[in-house]
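# Report on the structure
Each chain, letter by letter, is given below.
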Amino acid sequence: MSAEQLAEVSDQFVVAAVLLYVVAMVAFATDLAFGRVRPGRAVAKAAARQPVAVGAAAPPPGADVLPESASVPATPEPPRFAAVAGTAGLVLAWVGWVANLSAIVTRGLAVDRWPWGNMYEFVVAICFAAVSAFLITQVRHDVRFLGGFVMVTAALGLGLASKVFYTAAGPVVPALDSYWIAIHVSAAIIASGLLTLAGVTGILYLVRGDGPSRLPSRADLERVAHRAIVFAFPLWTFAVIAGALWADRAWGRYWGWDPKEVWSFITWVAYAAYLHAKATAGWKGRAATIVQLVAFGCLLFNLIGVNIFIDGLHSYADVD
Amino acid sequence: MSVQELEKKQTPQQAALGPVGWLRWAWRTLTSMKTALILLFLLALGSVPGSLVPQRGVEPDKVARIYEQNPTLAEWYDRFQLFEVFTSVWFAAIYLLLFTSLIGCIIPRTAVYLRELRRRPPAAPKRLSRLPHSASFEGELGVEEAARRLRRMRFRVSTGDGWVSAEKGYLRETGNLVFHVALLGILLAIGAGSLYGYRGNVLVVEGDGFANTVAAYDRFMPGSQVSAESLEPFSFTLDKFDVAYQVTGDKRGQALDYTAHLKVNDSPQAPARDYALKVNDPLEIDGTQTYLIGNGYAPVFRVTDGEGQVAFEGAVPCLIEDKATMTSGCVVKVPDAKPGQLGFLLQFLPTSVPLVDGGHASAFPGQINPEVQVLGAFTGDLGLRSGEPQSVYTLAEPEDMKKLKPLLMGTDVPKPLAVGQSVQLPDGLGKLEFTGVKQWITLQTAYDPGRLPALLSAAAAVVAIALSLMIRRRRVFVRVGEGRVEVGGLTRTEGSAAGFTEEFAEIVQVLSAGDKDVR
Ligand code: HEM
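Not measured: the values here are computed from a predicted model.

Quick look at the overall build of chain A now. Scanning chain A from N- to C-terminus turns up 10 helices and 0 strands. Put simply, chain A runs from its N terminus to its C terminus through helices and strands in the order α-α-α-α-α-α-α-α-α-α. Sorting the 320 residues of chain A into buried and exposed places 59% on the buried side. Within chain A, contacts between residues at least 6 apart in sequence are counted, and of these 84% link residues at least 24 apart.

As structure tokens, then:
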């Protein structure tokens, strides 16, 4: 296949991944809406509110128009199709993951370099990393409840990438033509994927009340988010330091307070504050989750805001 | 956690706060975790304006523009040192406080840690079944044998009458301490670099040379401890500069590769060697790095004055006006021309193509059809003798500009000059010839003795933070007797319980595996 054809195939894989993620999301949402209710700390009172809250975070078609009375069966026995839908969601998510991976690989073949040289490629890769983080976690722990939300996030991310950040396949400027891109950007991608998972979980934490819910208990949610961050933080640290090493090769200094550097630093400090808040200052639950989400906001701003609104040395994003 | 316990123990009594008491109180408040957290937040918050307001060290031209367009705002920015956030007094105050707090945190923690390292694990509790993880099995297992197996699993073990107590995961605290010390190391390395290092920028045209002396730089930024003699005495000439551009497709005109071919003398006595300087691949001479950071065109002109003398001949570096096509603006000043000084405003088009309206524009950044458009020619006093520094990119100060007499305007020379062509000035005042094209590059030379220490500290920080976050501190207890073995376990750090269930099951399996070793 020629490079142009490969690039086109890559674009089609992205579309396929979006569609698959959306269908998977509907399946996960069905599972969540009709599946087992899990007790919270304070029993019963918030029960009727839950489906609405779920709908607010991720409006699966139909879920937000569920009549309130119908949504919470009094008996704990969920209908069979709920579990089937959950499994279908997982299968679809894996297929979408393969499509996402294929999009990245074909793009890489088309441009004959590491396929994360601009914002479009970078966001596609982060979505892939976030879905991977979810699916890999799912292999060992039951975090199916996260599925719908991760799928929405990934579908929106890929959609945003194709609609707003799209960049035709092509070579990169000489500054990016370096093996450092494999080290620095890959680390940033994996860390961002994990932190996205943590961010989604953090939002669910805030949405979920203390009552019974189809979501796992707040303590469980907090644990999932914490684990993801514990993995991501050293990676992020590494990504920033690798960036500094690259800057030392490319720009003549390892740290110069370029806007991207400033915001990676802010993000890093914010996640460090989260870890300190949890480990040493003994903040739990809501407070820690809010710190985590502020940090996640910094991460997103660094990714989107800095690339688009502020220009600096890092403006390779190629977004017009 | 140990630090918290420590803090609690040391909370000062309300009564009798003498000056020493207040000092103590201040120190304790500063070194408490809450203060450190607040300082961390402040540090993050304080960096925000550094990314929103242009910084003098990074974008001096933008700072100047704010001064021009909105002097009051600029003054306010300046009052709060917002143009130099990262070297400002208040930013320094935040990080110095933070690092003091950090030191105050590290010292007692290290002491506690050293004590713990020497201490044996505590005696096993009576009822192991009350622990978060517990199991029991039938069988005979001697205390010594249990201890041996636990030791083989790299536990630190102490034994007593019918019990074994084991602990593992000390590296967690090691990691934590090393991480924080490494952060201090990074700060010190950066500090050393800014005191003893320097940076300089210089523009070099093809065929010209550069020697590493303070005077040779266009802009030199030394640390306060740098003397002119401490510059590494190397020199080089720029033989040739090559650029490769993408010629087809959507990315037509994008640069693919820059190579500057240098002849380098590592020291005045050393023989010259060839070096191909590229982006991402600096020239390194004894710890001093030279980077390729920019490039542009320097067309070559010859100006003959009204008396028939060659009053100027040379390459003129032009300012890039449009990066995509490398359309560049050039200024030629000829103060030695007679009878009057001459000045030219020109536009360089590397790939000149005619437009439908009769004008010309550049269609590609590479030089396929290099031409020079004459925008204006002037005579009169260029103001060069006033002794004040002049920009090479503007013909004259605005007030001097008004006094110049225009000789040619753009419309007088409708066709741009190709290489070898020339334009005559009216009244026999001379002529301008376009004789060739050279390229210029901009280089940055940097010497930073803090680089290596910063790198080592950073590497240590990454490894240490990974250790400190991934390793869990855990204890396992065994009680034996009357044909039963009880095992209990717990993790000692917040959020690290996940995965311990599996590990605990494995440990129980190893302990219950009879005579044969499972591991
Ligand atoms: C101290 C230096 C550096 C830091 C702190 C740094 C930080 C980061 C961070 C945090 C990201 C993650 C993505 C984001 O949030 O946008 C990123 C992405 C990226 N970095 Fe760096 N970086 C540094 C140096 C460099 C250098 C020297 C280059 C290349 C010459 C580079 C090229 C890239 C590219 C291509 C991406 C991904 C795509 C994009 O965002 O457009 N970085 N960097």
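Still to come is the rest of the account.
What follows is about the overall build of chain B. The helix and strand tally for chain B stands at 11 helices and 24 strands. Here the C-alpha atoms of chain B give a radius of gyration of 36 Å, more than 25% beyond the 24 Å that 2.2 N^0.38 yields for 519 residues. For chain B, the C-alpha atoms occupy an extent of roughly 120 × 65 × 55 Å along the three principal directions. In chain B, which comprises 519 residues, the share counted as buried stands at 46%. Within chain B, counting contacts between residues at least 6 apart in sequence, those at least 24 apart form 62% of the total. Summed over its atoms, the accessible surface of chain B is roughly 26200 Å², and 57% of this surface lies on carbon and sulfur atoms. Treating the 54 positive side-chain charges of chain B as one cloud and the 55 negative ones as another, the clouds have centres 13 Å apart.

The interface is formed by 53 residues belonging to chain A together with 54 residues belonging to chain B. Each partner contributes to the roughly 4600 Å² buried at the junction of chain A and chain B, and carbon and sulfur atoms together form 68% of this total. Linking chain A with chain B are 3 salt bridges, by the criterion used here. Between Arg140(A) and Glu502(B) there is a salt bridge, with the nearest N and O atoms lying 3.8 Å from each other.

Below, the discussion takes up the nonpolar core. Soluble globular proteins: nonpolar side chains tend toward being buried together. The biggest cluster of nonpolar side chains holds 125 residues, and the ones touching the most others in it are Phe134(A), Leu146(A) and Met151(A). Of all the elements, helix α8 (residues 218-250) of chain A adds the most residues to this core, at 15 residues. Beyond its immediate sequence surroundings of up to four residues, Met151(A) is in contact with Tyr21(A), Ala24(A), Met25(A), Phe28(A), Ala93(A), Val131(A) and Phe134(A). Judged by nonpolar contacts, the second largest core, of 54 residues, contains Val202(B), Tyr245(B), Cys318(B) and Leu432(B).

Walk down a regular strand and you will see the side chains alternate between the two sheet faces. Residues and elements named next belong to chain B. With 8 of 9 residues buried, strand β18 (residues 371-379) is to be regarded as a mostly interior element. In terms of strand pairing, strand β15 (residues 342-349) meets β18 through 8 bridges, oriented antiparallel. Bridge pairing in β18 places Leu 342 opposite Thr 379. Of the pairings in the sheet, the one linking β18 to strand β20 (residues 417-418) comprises 2 bridges and is antiparallel in character. Residue pairing in the sheet places Val 372 in a bridge with Leu 417 of β20. Here 4 bridges tie β18 to strand β19 (residues 405-409), and the two strands are oriented antiparallel to one another. Note on β19: the bridge partner recorded for Ala 377 is Leu 408.

On to the sheet that holds strand β23 (residues 474-481) of chain B, then. Residues and elements named next belong to chain B. The sheet built from 5 strands is open, its strands ordered β1-β24-β23-β3-β2 with antiparallel pairing. Lying at the two open borders of the sheet, with one neighbouring strand each, are β1 (133-138) and β2 (156-160). Across the sheet, the axes of successive neighbouring strands diverge by a mean angle of 15 degrees, strand direction being ignored. Looking at chain direction, β1 and strand β24 (residues 484-491) are connected through 6 bridges and run antiparallel. The residue of β24 that forms the bridge with His 133 is Gly 489.

What follows is about the pattern of salt bridges. Residues and elements named next belong to chain B. Considering all chains together, one arrives at 29 salt bridges over all chains under this definition. With a closest N to O distance of 2.9 Å, Asp 257 and Lys 278 form a salt bridge. One end of the pair, Asp 257, is in strand β8 (residues 255-265); the other, Lys 278, is in strand β9 (residues 273-278), with 21 residues separating them in the sequence. Overall, the relative accessible area of 28% leaves Lys 278 in the partly exposed class. The closest approach of N and O atoms between Arg 472 and Glu 503, which form a salt bridge, is 3.3 Å. Remark: Glu 503 occurs in helix α11 (residues 500-511) and Arg 472 occurs in the loop between α10 (451-470) and β23; sequence separation between them is 31 residues. For the pair formed by Arg 472 and Glu 503, the shared burial category is buried. Here the residues in one salt-bridge network are Glu 116, Arg 119, Glu 167, Arg 473 and Arg 475, joined through shared partners.

A few words on the state of the cysteines. Taken as a whole, this structure holds 1 disulfide over all chains when the rule is applied. Sulfur of Cys127(A): no disulfide; nearest cysteine sulfur belongs to Cys298(A) and is 20 Å away.

Moving on, we come to helix α3 (residues 33-52) of chain B. Look at α3(B): 30 Å from first C-alpha to last across 20 residues, which is about the 28 Å you get at 1.5 Å a residue. By the burial criterion, the buried members of α3(B) are Met33(B), Thr35(B), Ala36(B), Leu37(B), Leu39(B), Leu40(B), Leu43(B), Ala44(B), Gly46(B), Ser47(B), Gly50(B) and Ser51(B).

Here the focus is the domain arrangement of chain B. Per the domain assignment, the segments making up chain B are domain 1 (14-111), domain 2 (122-168 + 472-512), domain 3 (196-295 + 444-450) and domain 4 (296-439). Its C-alpha centre places domain 1 of chain B at a distance of 48 Å from the equivalent point of domain 2 of chain B.

Residues and elements named next belong to chain B. Where strand β7 (residues 235-245) meets β8, 10 bridges bridge the pair, whose relative direction is antiparallel. What sits directly across from Phe 236, in β8, is Val 264. Across 6 bridges, the pairing between β8 and β9 is antiparallel. Within β9, the position partnered with Val 264 by the bridge is Arg 273.

Attention shifts here to α11(B). Within an α-helix, residues lying three or four positions from one another point in the same direction, as the helix has 3.6 residues per turn. Taking 1.5 Å of rise per residue, 12 residues should cover 16 Å, and α11(B) covers 16 Å from first to last C-alpha, within 8% of that figure. Buried residues in α11(B) make contact with β1, α7 (143-152), β3 (163-168), β23 and β24 of chain B.

Residues and elements named next belong to chain B. Here, UniProt's "transmembrane region" (unreviewed entry) annotation points to residues 36-53, 89-112, 177-198 and 452-471. Taken as a whole, residues 177-198 contains 91% helix and 5% strand, while its terminal C-alpha atoms sit 32 Å from one another. The span residues 452-471 is 95% helix and 0% strand, and its two end C-alpha atoms sit 28 Å from each other.

Here we take up the sheet that holds β9(B). Residue and element names in this part refer to chain B. The 4 strands lie next to each other as β5-β7-β8-β9, forming an open sheet whose pairing is antiparallel. A strand with exactly one partner marks an edge of an open sheet, and here the two such strands are β5 (209-211) and β9. Between one strand and the next, the sheet's axes are offset by a mean angle of 30 degrees, whatever the strand orientation.

A word on the confidence of the model for chain A. Across chain A, pLDDT averages 81, with 82% of residues at or above 70. Segment residues 41-75 of chain A is flagged for pLDDT under 50; beyond a separation of four residues in sequence, or across chains, it makes 38 contacts in the model.

Rules of the game
- Residues numbered from 1 in each chain as written.
- Chains lettered and ligands numbered in written order.
- Predicted model: local features only at pLDDT ≥ 70, side-chain atom pairs only at ≥ 80, totals over all residues.
- Heavy atoms only, no water.
- Helix = DSSP H or I, 4+ residues; strand = E, 2+ residues; numbered from the N terminus.
- Buried < 20%, exposed > 50% of the residue type's maximum accessible area, 1.4 Å probe, protein only.
- Contact = heavy atoms within 4.5 Å.
- Rg over C-alpha atoms; globule rule 2.2 N^0.38 Å.
- Areas by Shrake-Rupley, 256 points an atom, 1.4 Å probe, with all protein chains shown as cover.
- Lys, Arg positive; Asp, Glu negative; His and termini not counted.
- Charge placed at Lys NZ, Arg CZ, Asp CG, Glu CD.
- Buried area = accessible area lost by both parts, 1.4 Å probe.
- Salt bridge = Lys/Arg side-chain N within 4 Å of Asp/Glu carboxyl O.
- Core = buried A, V, L, I, M, F, W, Y, C linked by side-chain atoms within 4.5 Å.
- Pairing = 2+ DSSP bridges.
- Axes fitted to C-alpha atoms, helices over the stretch in contact; angles between N-to-C directions.
- Disulfide = S-S within 2.5 Å.
- Expected span 1.5 Å × (residues − 1).
- Domains from an automatic or database assignment.
- UniProt positions renumbered as here; feature names shortened; annotations may be inferred.
- pLDDT = per-residue confidence, 0-100.

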